[in-house]
Amino acid sequence: MKRLEDKVAIITGAARGIGFSIAEKISEHGATSVIIDLDKKAVDTAVQQIDDIGNRAIGFTADVTNSEEIASIFKEIHKEFGKIDILINNAGITKDGLLMKMKESDWDAVINVNLKGTFICTQKVSRYMLKNRSGIIVNIASVIGLMGNAGQANYAASKGGIIALTKSSAKEFASRNIRVNAVAPGFIQTEMTDKLPQEIIDNYSAAIPLSRMGTATDVANLCVFLASDEAGYITGQTIQVDGGLIM
Ligand code: NAI
């Protein structure tokens with residue numbers, strides 16, 4: 001069943017990892033995925049990969065923290081398609097370190113990309129969704145935003161902020177038929193987690209009731225559901241995809 005036929009979906013940070021899987025799945029369900037990412041070469045490859053299997057994707061190279069750039073790209077997308085149905089705020093970074101020693105620049109960088117980037121893209125897309133009286137926004141948070149983590153104060157604060165932003169925007173936009181939800185992935189295998197030492201990976205995996213790391217597809221499947229009409233009565237929620245890690 002194609003749940004997103006003819007929809008236009010923007011996915012940020014979608015040149016690789018979880019974002020790419022979301023773009024892939026969304027296209028598989030009949031939508032055009034608009035991939036936005038910093039990495040031009042990876043954007044081209046991602047678009048080509050989706051195109052090669054006969055689904056629809058286009059790409060833009062941009063930084064989610066650059067509000068002018070984002071506004072002009074969204075304007076271009078709207079001009080081309082006449083609407084923007086779905087926004088998935090997925091772009092995110094980590095700059096881990098113990099709070100005592102954390103550089104202010106590492107704090108700022110993570111809050112800027114993860115939290116402010118989500119705000120900017122939400123604000124810039126909202127003018128089109130509000131006018132259209134329809135829209136779906138999914139914010140990629142993290143279980144770390146719910147439970148905190150030693151060595152990730154900046155990341156946890158950014159993801160906790162995203163959860164609060166999700167609730168506020170859900171309340172603000174509900175009367176215009178715009179749903180906003182957050183997805184909180186647990187421990188998912190991507191380039192972000194590949195950087196971690198094996199010992200940490202093993203320790204985490206042992207703490208997961210379903211005893212495995214998640215896949216990007218596990219997260220993408222939930223995003224497709226939240227973006228579909230089947231989730232029509234769900235807004236303001238944070239849904240975990242974490243193999244039972246926190247409950
Ligand atoms: P990744 O590092 O594999 O991919 C992130 C993508 O975002 C990259 O292509 C990067 O170029 C892009 N990006 C980074 N900064 C950007 C910016 N300023 N503007 C535009 N694009 C930018 O990361 P991964 O693992 O796929 O994570 C995706 C999202 O899922 C992030 O928000 C992350 O915090 C979240 N997440 C990941 C988990 C995991 O275990 N991998 C767990 C929980 C949440």
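About the thresholds
- Within each chain, residue numbers correspond to sequence positions counted from 1 in written order.
- Given that the model is predicted, a residue must reach a pLDDT of at least 70 before its local features are reported, and side-chain atom pairs must reach 80 or more before they are shown or counted; all residues, however, enter totals for whole chains, interfaces and linings.
- Processing note: side-chain calculations cover all non-hydrogen atoms of the structure and skip hydrogens and water entirely.
- Where helices and strands are cited, they refer to DSSP runs of H or I of at least four residues and of E of at least two residues respectively, numbered from the N terminus.
- Any two residues whose heavy atoms approach within 4.5 Å are treated as being in contact.
- Being near a molecule or strand, for a residue, comes down to having at least one heavy atom within 4 Å of it.
- Throughout this description, a polar contact denotes any pair of N or O atoms lying within 3.5 Å of each other; where both atoms belong to protein, one of them has to be capable of donating a hydrogen while the other can accept it, and for residues adjacent in sequence the pair is counted only when both atoms sit in side chains.
- In these tables, accessible area is a Shrake-Rupley quantity obtained with a 1.4 Å probe, and a residue counts as shielded only by the protein chains included in the view.
- The definitions used throughout rest on a 1 Å grid laid over the protein atoms alone, on which a cavity is an enclosed set of points accommodating a 1.4 Å probe that cannot get out and a pocket is an open set flanked by protein within 12 Å on both sides along at least five of seven lines; lining residues are those having an atom within 4 Å of a point.
- Throughout, a molecule is located in a cavity or pocket provided that more than half of its atoms lie within 2 Å of its grid points.
- All residues other than Ala, Val, Leu, Ile, Met, Phe, Trp, Tyr, Cys, Pro, Asp, Glu, Lys and Arg, Gly among them, are scored as polar; the first ten of these are nonpolar and the last four charged.
- Grid points are joined across faces, edges and corners, and a volume is the space filled by probe spheres set on the points.
- Any residue with relative accessible area above 30% and no salt bridge may belong to a patch, with like charges joined within 9 Å and the nonpolar Val, Leu, Ile, Met, Phe, Trp and Tyr side chains within 5 Å.
- Salt bridge, as used here: a side-chain nitrogen of Lys or Arg that lies within 4 Å of a carboxyl oxygen of Asp or Glu.
- His residues and chain termini do not enter the charge count, which takes Lys and Arg as positive and Asp and Glu as negative.
- The atoms used to mark charge sites are NZ of Lys, CZ of Arg, CG of Asp and CD of Glu.
- Type-normalised accessible area, obtained with a 1.4 Å probe on protein chains alone, sets the label of each residue: buried when under 20%, exposed when over 50%, and partly exposed for intermediate values.
- Here the rule is simple: two strands pair whenever DSSP picks up at least two bridges between them.
- Note on method: axes are straight lines fitted to C-alpha atoms, helices fitted across the in-contact stretch only, with angles between N-to-C directions ranging 0 to 180 degrees.
- Note on terminology: a nonpolar core comprises buried Ala, Val, Leu, Ile, Met, Phe, Trp, Tyr and Cys residues joined through side-chain atoms within 4.5 Å.
- Residue count minus one, scaled by 1.5 Å, sets the expected span of a helix.
- The arc under discussion is defined with respect to the helix axis, by the directions toward the C-beta atoms.

Draft legend 1. How the structure looks around the side chain of Thr193. The residue Thr193 is located in helix α7 (residues 191-194) in this model. If near-sequence neighbours (up to four positions away) are discounted, Thr193 is found in contact with Phe187, Ile188, Ile201 and Met213.

Draft legend 2. Representation of the site of the ligand within the structure. Taken together, 27 residues lie near the ligand, and Arg16, Asp37, Asn90, Tyr155 and Thr190 sit nearest. Contact distances for the ligand include 2.9 Å between a nitrogen atom and a side-chain N or O atom of Asp63. Between the ligand and the protein, one listed contact pairs an oxygen atom with a backbone N or O atom of Asn90 at 2.7 Å. Coverage of the ligand by the protein amounts to 93% of the 830 Å² it exposes when considered alone. With respect to the detected pockets, the ligand is housed in the largest pocket. Those elements that provide at least two residues to the shell around the ligand are α1 (17-28), α6 (153-173) and α7. The greatest single-element share of the shell around the ligand, amounting to 3 residues, is contributed by α7. Broken down by class, the residue content of the shell around the ligand amounts to 14 nonpolar, 8 polar and 5 charged.

Draft legend 3. Spatial organisation of the layout of surface pockets. The space that makes up the largest pocket amounts to roughly 1200 Å³. Taken together, 45 residues form the lining of the largest pocket, with Gly92, Ile93, Thr94, Tyr155 and Met192 sitting closest to its centre. Going through the elements one at a time, α1, β2 (32-37), α5 (144-147), α6, α7 and α8 (198-207) are the ones with two or more residues in the lining of the largest pocket. Around the second largest pocket, the lining residues are Lys7, Asp85, Ile86, Ser134, Gly135, Ile136, Asn177, Arg179, Ala227, Asp229 and Gly232. Among the residues making up the lining of the second largest pocket, the classes are represented as 3 nonpolar, 4 polar and 4 charged.

Draft legend 4. View of a positive patch on the surface. A cluster of like positive charges, contributed by Lys75, Lys79, Arg127 and Lys131, occupies part of the molecular surface. For the positive patch, the elements supplying multiple residues, two or more each, are α3 (67-81) and α4 (104-132). Tracing the chain through its elements places Lys131 in helix α4. Accessibility expressed as a relative area gives 76% for Lys131, which makes it exposed.

Draft legend 5. Representation of the sheet that holds strand β7 (residues 238-241) in the model. Across the sheet, 7 strands lie side by side as β3-β2-β1-β4-β5-β6-β7; this open sheet has parallel pairing. Two strands in the sheet have a free side with no partner beyond their single neighbour: β3 (56-61) and β7. With strand direction ignored, the average angle separating the axes of adjacent strands in the sheet is 20 degrees. Sitting on the sheet, helix α9 (residues 216-227) is in contact with β4 (86-89), β5 (135-140), β6 (178-185) and β7, with an inclination near 165 degrees to β6.

Draft legend 6. Just the nonpolar core, in detail. Counting residues in hydrophobic clusters, the biggest one holds 35 residues, and the most contacted among them are Ile11, Ile22, Ile26, Ile35, Ile88, Val138 and Val183. Among the secondary structure elements, those contributing two or more residues to this core are β1 (8-12), α1, α2 (40-52), β4, β5 and α9. Considering each element in turn, this core owes the most residues, 8 residues, to α9. Discounting chain neighbours no more than four positions away, the residues touching Ile22 are Ile11, Ile88, Asn90, Ile140, Ala220 and Cys223.

Draft legend 7. Layout of α9. For α9, built from 12 residues, the straight-helix expectation of 16 Å at 1.5 Å per residue is met to within 8% by its first-to-last C-alpha distance of 16 Å. Summarising the contacts, the buried residues of α9 are in contact with α1, β4, β5, β6 and β7.

Draft legend 8. Quick look at α8. Burial in α8 covers these residues: Ile201, Tyr204 and Ser205. What you see down the axis of α8 is that its buried residues fit within an arc of 100 degrees, all on one side. Away from the buried face of α8 by more than 90 degrees, exposed residues Glu199, Asn203 and Ala206 are located. The secondary structure elements touched by the buried residues of α8 are α5 and α7.

Draft legend 9. Structural context of the pattern of salt bridges. For the structure on display, the rule yields 8 salt bridges. Taking the shortest distance from any N to any O, the salt bridge between Arg56 and Asp6 comes out at 3.8 Å. Note that Arg56 is positioned in strand β3 and Asp6 in the segment before β1, a separation of 50 residues in sequence. Taking the relative accessible area as the measure of exposure, Arg56 reaches 42% and is therefore partly exposed. The salt bridge partner of Lys25 is Glu28, with a shortest N-O separation of 3.4 Å. With Lys25 and Glu28 both in helix α1 and 3 residues apart, the pair spans about one turn of that helix. The class for Lys25 is buried, based on a relative accessible area of 17%. Judged by relative accessible area, which is 39%, Glu28 ranks as partly exposed.

Geometry only, nothing functional implied.
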